[in-house]
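Descriptive structure summary
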Amino acid sequence: MNAEWVPPSTALVELHPDPKARSKAVARRDIPVGSTIFSAPAFATALLEGEKGHRCDYCLREQSTLKKCSSCGSYWYCDAKCQNEHWQAGHKRVCKKINQFTNSMAFQQLEKHGRMDSFLLTHLLAHLSTLSEPYSPEVSTELSITLSLLPGPSGDCAASNPPYCPIKPPPPSEDLVTDIYSRFGNNNFTIHSHLNSIAHGIFPQASRMFNHLCTPNAVAKYVLKPGEVAAMEVVSLRDISSGEEVCIPYIDPALMQTRHKVFQITYGFTCDCPTCTFLQKVGQIPDPSLEHGDLIQLGLKLREFVGVEHYLKTGKLEKKTLEELPKPLRSVLNESYMAELSETFSKSSHEGNYAKAADSGVTLLALYLLIGMHLLEMAKTQWNHSFVALTPSGEEKEVSKGIVLQLLDLSRQTLQVLGTEGDSETGPFKEIGVLESLVRDV
Ligand SMILES: [Zn+2]
Ligand SMILES: [Zn+2]
Ligand SMILES: [Zn+2]
């Protein structure tokens, strides 16, 4: 392949040159909130270790009765269709050797993320070996796109590839393996189902098209259909105007102190969005529990600054920048603060301390709004920490109840934008409904 691969324009976006990032995906017309902007099947996937044996190795769907590959006993499938598709797509090239490989010293001494990379690489190479011209970018658009991506930063752990399972001859050339692996770190997506991480996947087209933004206007979600390879869909989180760039987040926006490092090590670039610029400038962020004895007071001041109560009443938010954040409040940006709030929220929900749950929930919302995190994160938190066994009393209960219902409603609105994802039509939506009726009946 001589000329660089150019992604096709879709109905909604086209690639424009960009001085900083090589290219950018630009809206060709106004895109309403909740639109599917792009979709593509995974080039390769690998289940997280904890999901092995609970989900199908081909379509990644959760199943209570999976069938094992009778030859290796290490791969599980929904049925004969998924097994056959996976066999043809590459499993037949590694089935005989996979157990010997995963029991080997070289594999065993890898860390968790190394083992994940090793599986992804094995699956990808096994698949490439089945092509009409094995390992040839001439016959695989996905491979030629992969090789056109910018390699990850050199001189760190990403420089040499992890061991991979020997593939039935013909084997790939070591140069090709290195070339492919050098594109792994920054082009590896975490696949979610019901907002939980279940697998990793390589989606070369999405990597090539969408740049990162910490406050994105679109996100990636995953669609798992029986008998099919998992697919990514990029969905708009708000109305996007014609000519505007469409960006997705590469990292968790909750990483306040470590994000700079993550960007440099994994992606080899520095994000220059207002949040990242501000965090870089400020440097060390004080520990809130050392700076403020009273975290509740700190929370109240944060809420007042953001105007979250007004937001909950009217749905309107007067956007504040981090620059405007008073110095004594800066410790709210310490990662430990968000972790602490999430934990309090979760713990008090489970213990039935309703008022406390609502209180920490609102403070958490204020923090999300401040750092420009999408409400999706809020929805995630609620999804992960169900409100059960709630036993409050009196007038306070009614107030808290109202707030919790409002937070749940915000979650629903957010999730509606994203639409259904993962492997069922219900998931978080159903859960929100269940929680609402629980709360109403308290
Ligand atoms: Zn399946
Ligand atoms: Zn097998
Ligand atoms: Zn940023």
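Predicted model, so just to flag it, every value in this text is computed and none were measured. (Residues numbered from 1 in each chain as written. Chains lettered and ligands numbered in written order. Predicted model: local features only at pLDDT ≥ 70, side-chain atom pairs only at ≥ 80, totals over all residues. Heavy atoms only, no water.)

In total, this model carries twelve salt bridges according to the counting rule given. In this structure, the salt-bridge partner of Arg55 is Glu62, at a minimum N-O distance of 3.8 Å. The salt bridge partner of Glu85 is Lys81, with a shortest N-O separation of 3.2 Å. Highlighted residues: Glu85 and Lys81, both in helix α1 (residues 80-89), separated by four residues, approximately one helical turn. Residue Glu85 is classed as partly exposed on the basis of its relative accessible area, which comes to 32%. Three or more residues joined by partner-sharing salt bridges are found here, namely Glu51, Arg55 and Glu62. (Salt bridge = Lys/Arg side-chain N within 4 Å of Asp/Glu carboxyl O. Helix = DSSP H or I, 4+ residues; strand = E, 2+ residues; numbered from the N terminus. Buried < 20%, exposed > 50% of the residue type's maximum accessible area, 1.4 Å probe, protein only.)

By size, the foremost hydrophobic cluster in this structure holds 39 residues, and its most contacted members are Cys56, Leu121, Leu128, Ile180 and Phe184. Taken together, the elements giving at least two residues each to this core come down to β4 (44-47), α2 (98-102), α4 (112-129) and α6 (174-181). Considering every element that reaches this core, the biggest residue donor is α4, with eight residues. Excluding residues that lie within four positions of it along the chain, Phe184 makes contacts with Asp117, Leu120, Leu121, Leu124 and Ile202. Of all hydrophobic cores here, the second largest spans 30 residues; its members include Leu325, Leu329, Leu333 and Leu364. (Core = buried A, V, L, I, M, F, W, Y, C linked by side-chain atoms within 4.5 Å. Contact = heavy atoms within 4.5 Å.)

We now examine unusual backbone geometry. Along the chain, Pro169 connects to Pro170 via a cis peptide bond; the corresponding omega equals 5°. Relative to the assigned elements, Pro170 resides in the loop between α5 (141-148) and α6. Even without glycine at this site, Leu60 takes up a positive phi of about 70°. Relative to the helices and strands, Leu60 resides in the loop between β4 and β5 (67-68). Judged by its relative accessible area of 0%, Leu60 is buried.

Applying the stated criterion across every chain, the model contains six aromatic pairs. With a centroid separation of 5.7 Å and 50° between ring planes, the pair formed by Phe203 and Tyr222 is classed as tilted. Of this pair, Phe203 sits in the loop between β8 (196-202) and α7 (204-209) while Tyr222 sits in strand β10 (residues 218-223), placing them 19 residues apart in sequence. With relative accessibility at 3%, the residue Tyr222 sits in the buried group. Cation over ring: Lys52 sits above Phe119, and NZ or CZ is 6.0 Å from the ring centre. Sitting above the plane of the Phe305 ring, Lys320 keeps its charged end 4.9 Å from the centroid. (Phe/Tyr/Trp six-rings, centres within 6.5 Å; stacked < 30°, edge-to-face > 60°. Lys NZ or Arg CZ within 6 Å of the ring centre and 35° of its normal.)

So, on to the sheet that holds β10. The strand order across the open sheet formed by three strands is β3-β11-β10, and the pairing between neighbours is antiparallel. Strands at the two margins of the open sheet, each flanked by one partner only, are β3 (36-41) and β10. For this sheet, the mean inter-axis angle between neighbouring strands, taken without regard to orientation, is 20°. Here β3 runs beside strand β11 (residues 231-236); their pairing, made up of five bridges, is antiparallel. The partner of Ser39 across the bridge, within β11, is Glu233. (Pairing = 2+ DSSP bridges. Axes fitted to C-alpha atoms, helices over the stretch in contact; angles between N-to-C directions.)

It is worth spelling out the UniProt feature "domain: MYND-type" (unreviewed entry) in the protein chain at this point. Summarizing the sequence annotation, UniProt attributes the feature "domain: MYND-type" (unreviewed entry) to residues 56-95 in the numbering used throughout. Within the segment residues 56-95, helix and strand shares are 25% and 10% respectively, and the terminal C-alpha atoms sit 16 Å apart. (UniProt positions renumbered as here; feature names shortened; annotations may be inferred.)

Computed from the structure, the second largest pocket encloses a volume of approximately 700 Å³. Along the wall of the second largest pocket there are 25 residues; nearest its centre are Lys20, Ala21, Asn211, His212 and Phe269. Contributing elements (two or more residues each) for the lining of the second largest pocket: β2 (22-27), α7 and β9 (211-212). Within the lining of the second largest pocket, the residues separate by chemical class into eleven nonpolar, eight polar and six charged. Split by domain, the lining of the second largest pocket shows at least three residues from each of two domains, domain 1 (13-248) and domain 2 (260-441). (1 Å grid on protein atoms, 1.4 Å probe; cavity = no way out; pocket = protein on both sides within 12 Å on 5 of 7 lines; lining within 4 Å. Points joined across faces, edges and corners; volume = space filled by probe spheres on them. Nonpolar A, V, L, I, M, F, W, Y, C, P; charged D, E, K, R; others polar. Domains from an automatic or database assignment.)

The next thing to look at is the sheet that holds strand β7 (residues 188-193). Reading across from one edge, β4-β8-β7 is the order of the three strands in this open sheet, with antiparallel pairing throughout. Single-partner strands in this sheet number two, and they are β4 and β7. Pairwise comparison of adjacent strand axes, ignoring direction, gives a mean angle of 35° for this sheet. Examined bridge by bridge, β7 and β8 share six bridges and lie antiparallel to one another. Its bridge partner being in β8, Asn188 is matched across the sheet by Ile202.

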